[in-house]
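If you want the building blocks of each chain, they are given just below.
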Amino acid sequence: MGERTIILHYHLFKNAGTSVDAILQRNFPGRWVTREFPIAGENNTALVEDWIRETPDAIAYSSHTMMGPLPQVEGVRVISFLLLRDPIERIKSAYRFERTQDADTWGAQLAKTNDFEGYVRARLARKGDRQCRNFQTYRLASMMPGPEPELDRAKRALSALTVVGRVEAFDEAMERLRAAYPGLTYQAVKANTSAGKDGVEVSGEIAKDLKATNAEDLSILQLFLPLPPAA
């Protein structure tokens, strides 16, 4: 039996992952699968590898909660795909989403009962909560366990992933994925977007604090995926 090629989508929260999944589902009907994993210990790679083995007919995989080194499965070529986003825009989007989400989670209740600044302050104060603090650096760093600082490990992870793009250049990212997986078809699609709903203004001290607490996420964008020049 020949080598199987799969697409493994690291669906980071509020990084346009639902739009990516819609494209994958349309390309691979019945062969797109999704699953969530426990993130305690920040390494569930063994569970992800089992998932790939248990689903031999699947082509596209997506999960919000994969953490740890990139999976390696005998006989399987893994095309890993991840989108990054301006961290402050990502946090604003998370707030808008949780504010309108029909859920009873701590984050949803927090968003419904606080303005944006209150939401951010509470999340920054909560021990172990990375939603508003270099979230993308944290998730990338988990792919390269070790004693080095998170930012250094996150940079190495970017080099290990097959395709990395950014939400602000979504079409370009999908073209890169199509180059890695010839035959993938793509038409612009947006799903689960909260843009334009209950606009969130970020200014003053909260803007300054968010830039400081997300400096590593911002540096990753600047170093590896440069943002367009400011107007």
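None of these values were measured; they are calculated from a predicted model.

### Let's talk about the pattern of salt bridges
Then step 1. In the structure shown here, the tally under the stated rule is 13 salt bridges.
Then step 2. Linking Arg 126 and Asp 129 is a salt bridge whose minimum nitrogen-to-oxygen distance equals 3.8 Å.
Then step 3. With relative accessibility at 40%, the residue Arg 126 sits in the partly exposed group.
Then step 4. Note that Glu 175 is salt-bridged to Arg 178, the shortest N-O span being 2.2 Å. You can see Glu 175 and its partner Arg 178 sitting in helix H8 (residues 170–180), 3 residues apart, about one turn around the helix.
Then step 5. Residue classification places Glu 175 among the partly exposed positions, given a relative accessible area of 38%.
Then step 6. Through salt bridges that share partners, Glu 98, Arg 123, Arg 126 and Asp 129 make up one connected network.

### Topic: the pairing of strand S5 (residues 163–166)
Then step 1. Burial of S5 is two-sided: the residues Val 163 and Gly 165 facing one way and the residues Val 164 and Arg 166 facing the other way are all buried.
Then step 2. Sheet topology note: the strand S4 (residues 76–84)/S5 ladder contains 4 bridges and is parallel. Paired with Leu 83 across the strands is Gly 165, a residue of S5.

Parameters at a glance
Residues numbered from 1 in each chain as written. Predicted model: local features only at pLDDT ≥ 70, side-chain atom pairs only at ≥ 80, totals over all residues. Heavy atoms only, no water. Salt bridge = Lys/Arg side-chain N within 4 Å of Asp/Glu carboxyl O. Buried < 20%, exposed > 50% of the residue type's maximum accessible area, 1.4 Å probe, protein only. Helix = DSSP H or I, 4+ residues; strand = E, 2+ residues; numbered from the N terminus. Pairing = 2+ DSSP bridges.

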